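# Geometric and topological summary
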Amino acid sequence: MKHIFHIATIMLTVCLLYSCMKDETTSVSTSEDTAITAFTLGTVKVNRYVGKKKYAKDKEGNPIDSFYTYSYNGSKTPVYIEHLANDEDASNKRIGLVYNIDSLPAGSHMKMLANISAKNSGTIRYRDWSAADDATWTNYNVGDSIVFGTDNVGSKELRFRVFATQGGYTRDYKVKIVAHMEYADSFKYVALPSQEIFDEAKALRGAATLDGLFVLVDNGTESKLYMGTDIGATWVEKRTFSSDATITAYEESLYILDGNTLYYGDIDELKTADVSGYDLEHIVGVCKDEVYAINGNGNFMVANTEDLATWEVDDIFSNSEKIPVADVHSATVVQKANKSVSRITVVGNTSVEGKDTCAVVWNKNVGSETNEKWVYNDCSDAQQKKCALPAMKNLSATGYYKGWILAIGGSGLNTSTKIETPPYGTIFCSEDGGTSWRSLKGLKMPMSGLDSNKPVMILSDAGGWSDSNDLGYFYIICADGGLVYRCKLNNATWYPLDTKEYTVLDK
């Protein structure tokens, strides 16, 4: 019995010793393979510019910038790791890439916490990408802050090297963390060369395709069509139409109504459709596969883009007396929730000089399963809340970023129209299809003192139909002096798949 007890004791002791040895040997593992497996940013300090201090000045007497600082959760900005990138360094050694597609907010402090993990507990070191071969490496430790660039100047490229725990194996990565150089919700104007072609125009009507901007300059006798390229810096005459020609566009196609003829298609290969018998007066917009117009009887008209010689009266709910007959403009917005549904908004005045104190706005949804009708946006409630669009002479409106509609105008259409600012003193914005209007903080007209009797047009490019970061601008074009300005909401021209650092365009 004792013999059995001793054997059991020995076996138990051996098992315990083996267990202890196993724990000790597995607590330190070695491997010839390693890589960066995770890369996230911690809290980022961000300076938000709020303007010039009222009284504080520097040594040269210039007003000092004023900022406030807030904290941004860097983990909201994904950092991507490409282990098999095609980049190679000077020694032709293949390297990986680490970068953020969505840039950090403008004003970010470029020294920030980075949480980095390596496969098989590899050791991580880093230094400047352009550093000499014998330059000193900095050891990375969990919770370290890393300088990814210079505040308000830009980011720099770093070389990260991961060392395997055995075998001398290493893997290199080029790391670049970028921040926007522009504040997302700020506007910037650029003054473009003045154009004599716009000076002394009696009316300005415009549209935009993916090829450029198009403006009909009506001198009272005829309308000359000019095409603007080079982001509004260059203008070329293309054709001549009658004085009352109207224009709209969608994607790559222009639509110009000139009497009984509708011109459509590419500017250099315009086709024609005979629309006599329909008394069309204003071409007012395009939405998906339908074109819309207003006839002399005050009806909305519709035609299919495949048969522009055949028109019929389009349905409305009510308020036919509110269909616009002057200063007619439109905007088309594709719905984000359902790409097959679009909304077309028409803005205008019911007369050249009338009793209306606010402009009229109509909407129609196109592409839904039900046959939608045109709906008039009654402005009574908006007037009580002081958020209606006033009825103004030379009213001009255009669609813009996020489905906004921007509008400007001269003096009031009649003595009852109340406008808080001088003629062309306010840019009105609607974010709800024209139901309510307000002025955007930070968005003002780039000039003042314009002649209220001369037209001024606001026109956006085709940024709503394209992902190109050369688009996303709107333009102010003035008959008074032929002044031309380009403006943008900064993040309207940020292309989401572009990793570059965005800088202010002064072209």
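Residues numbered from 1 in each chain as written. Predicted model: local features only at pLDDT ≥ 70, side-chain atom pairs only at ≥ 80, totals over all residues. Heavy atoms only, no water.

## So, the overall build of the chain
- Looking only at helices and strands, the chain has 2 helices and 37 strands in total.
- Buried residues in the chain amount to 46% of all 507 residues.
- Summed over all atoms, the accessible surface of the chain reaches about 26000 Å², with 47% contributed by carbon and sulfur. (Helix = DSSP H or I, 4+ residues; strand = E, 2+ residues; numbered from the N terminus. Buried < 20%, exposed > 50% of the residue type's maximum accessible area, 1.4 Å probe, protein only. Areas by Shrake-Rupley, 256 points an atom, 1.4 Å probe, with all protein chains shown as cover.)

## Looking at the sheet that holds strand β28 (residues 342-349)
- Strand order in the open sheet made by the 4 strands is β27-β28-β29-β30, with antiparallel pairing throughout. Edge positions in the open sheet fall to β27 (326-334) and β30 (375-376), since each of these has one partner strand only.
- Here β28 runs beside strand β29 (residues 360-366); their pairing, made up of 7 bridges, is antiparallel. Residue pairing for β29: V346 is matched across the bridge by W362. (Pairing = 2+ DSSP bridges.)

## Considerations on the side chain of D218
- With respect to the helices and strands, D218 occurs in strand β16 (residues 212-218).
- Polar side-chain contacts of D218 include one of 2.8 Å to the backbone nitrogen of G220.
- Filtering out sequence-adjacent residues up to four positions away, D218 remains in contact with A201, K202, A203, R205, S223 and S243. (Polar contact = N/O pair within 3.5 Å; in protein donor to acceptor, adjacent residues only side chain to side chain. Contact = heavy atoms within 4.5 Å.)

## Some thoughts on the pairing of strand β21 (residues 261-265)
- Examined bridge by bridge, strand β20 (residues 253-258) and β21 share 5 bridges and lie antiparallel to one another. Bridge pairing in β21 links L254 to G265.
- Counted along the chain from β20 to the antiparallel partner β21, the turn is 2 residues long, and its residue G259 has a positive phi close to 65 degrees.
- As defined by bridge partners, β21 adjoins strand β22 (residues 271-274) across 4 bridges and the pair is classed as antiparallel.

## Section: empty space enclosed by the protein
- All told, the structure shown has 2 cavities of 30 Å³ or more when counted by the stated rule.
- Its volume calculated, the largest cavity comes out at about 60 Å³.
- By residue class, the composition of the lining of the largest cavity is 7 nonpolar, 3 polar and 1 charged. (1 Å grid on protein atoms, 1.4 Å probe; cavity = no way out; pocket = protein on both sides within 12 Å on 5 of 7 lines; lining within 4 Å. Points joined across faces, edges and corners; volume = space filled by probe spheres on them. Nonpolar A, V, L, I, M, F, W, Y, C, P; charged D, E, K, R; others polar.)

## Description of the state of the cysteines
- Across all of its chains, the model carries 1 disulfide by this definition.
- With its sulfur 2.0 Å from that of its partner, C358 forms a disulfide with C379. Every disulfide takes its handedness from the sign of the S-S torsion; for C358 and C379 that torsion is -45 degrees, giving left-handed. Linking C358 in the loop between β28 and β29 with C379 in the loop between β30 and α2 (380-384), this pair joins segments that are 21 residues apart in sequence.
- Residue class for C358 comes out buried when judged on its relative accessible area of 8%.
- Judged by its relative accessible area of 12%, C379 is buried.
- In this structure C387 is not part of a disulfide, and its nearest cysteine sulfur, from C379, lies 10.0 Å away. (Disulfide = S-S within 2.5 Å.)

## Focus: the nonpolar core
- The biggest cluster of nonpolar side chains holds 27 residues, and the ones touching the most others in it are F39, I116, I146, F148 and F160.
- Broken down by secondary-structure element, the contributors of at least two residues to this core are β1 (36-41), β2 (43-57), β6 (111-118), β7 (123-128), β12 (158-163) and β13 (170-176).
- It is β6 that contributes the most residues to this core, 4 residues altogether.
- Excluding its chain neighbours within four sequence positions, the residues that come into contact with F160 are I36, F39, I116, I124, R125, Y126, I146, R171, D172, Y173 and V175.
- Counting 22 residues, the second largest nonpolar core, distinct from the first, contains Y424, F474, C487 and A492. (Core = buried A, V, L, I, M, F, W, Y, C linked by side-chain atoms within 4.5 Å.)

## Overview of the pattern of salt bridges
- Scanning the entire structure with this criterion turns up 11 salt bridges.
- With a closest N to O distance of 3.2 Å, D356 and K322 form a salt bridge. With a gap of 34 residues between them, D356 in the loop between β28 and β29 and K322 in the loop between β26 (307-313) and β27 connect regions that are remote in the sequence.
- On the accessibility criterion, D356 (19% relative accessible area) is buried.
- The partner of R438 in a salt bridge is E431, with the nearest N and O atoms 2.2 Å apart.
- Residue classification places E431 among the partly exposed residues on the basis of a relative accessible area of 43%.
- Because the salt bridges share partners, they merge into one network encompassing R159, R161 and D172. (Salt bridge = Lys/Arg side-chain N within 4 Å of Asp/Glu carboxyl O.)

## A look at the sheet that holds β1
- Overall, antiparallel pairing links the 3 strands, which are arranged β1-β6-β9 in an open sheet. Both outer strands of the open sheet, β1 and β9 (145-147), are each paired with one neighbouring strand and no more. Each neighbouring strand pair of the sheet contributes to a mean axis angle of 45 degrees, computed without reference to strand direction. (Axes fitted to C-alpha atoms, helices over the stretch in contact; angles between N-to-C directions.)

## Remarks on the environment of E237
- Its location among the elements puts E237 in strand β18 (residues 234-242).
- Using a relative accessible area of 40% as the deciding quantity, one classes E237 as partly exposed.
- When the C-alpha positions of E237 and Y226 are compared, they lie 4.3 Å apart, and in sequence the two are 11 residues distant.

## Observations concerning the confidence of the model for the chain
- Looking at the chain, pLDDT values average 84 and 84% of them are 70 or higher.
- Per-residue pLDDT stays below 50 along residues 1-30; that stretch engages in 3 contacts with residues further than four places along the chain or on separate chains.
- Long-range and interchain partners of residues 496-507, a stretch whose pLDDT sits below 50, account for 41 contacts in this model, where long-range means more than four residues apart. (pLDDT = per-residue confidence, 0-100.)

## Thoughts on the packing of aromatic side chains
- This model, assessed by the stated rule, comprises 16 aromatic pairs.
- Geometrically, the ring pair formed by F39 and F160 is edge-to-face, given 5.9 Å between the ring centres and 70 degrees between the ring planes. One end of the pair, F39, is in strand β1; the other, F160, is in strand β12, and 121 residues separate them in sequence.
- Owing to a relative accessible area of 0%, F160 belongs among the buried residues under this scheme.
- Where Y400 meets F474, the ring centres are 5.2 Å apart and the plane angle is 85 degrees; that geometry is what we call edge-to-face. Separated by 74 residues along the polypeptide, Y400 in the loop between β31 (396-399) and β32 (405-408) and F474 in strand β36 (residues 474-478) bring together distant segments of the chain. In terms of burial, Y400 and F474 fall into one category: buried.
- Each residue in the set Y189, Y400, Y401, W404, F474 and Y485 is aromatic and connected to the rest through ring pairs, giving one cluster.
- For R125, the ring lying beneath its charged end belongs to F163, and the centroid distance is 4.7 Å.
- The cationic tip of R159 hangs over the ring face of W129; the distance from NZ or CZ to the ring centre is 4.0 Å. (Phe/Tyr/Trp six-rings, centres within 6.5 Å; stacked < 30°, edge-to-face > 60°. Lys NZ or Arg CZ within 6 Å of the ring centre and 35° of its normal.)

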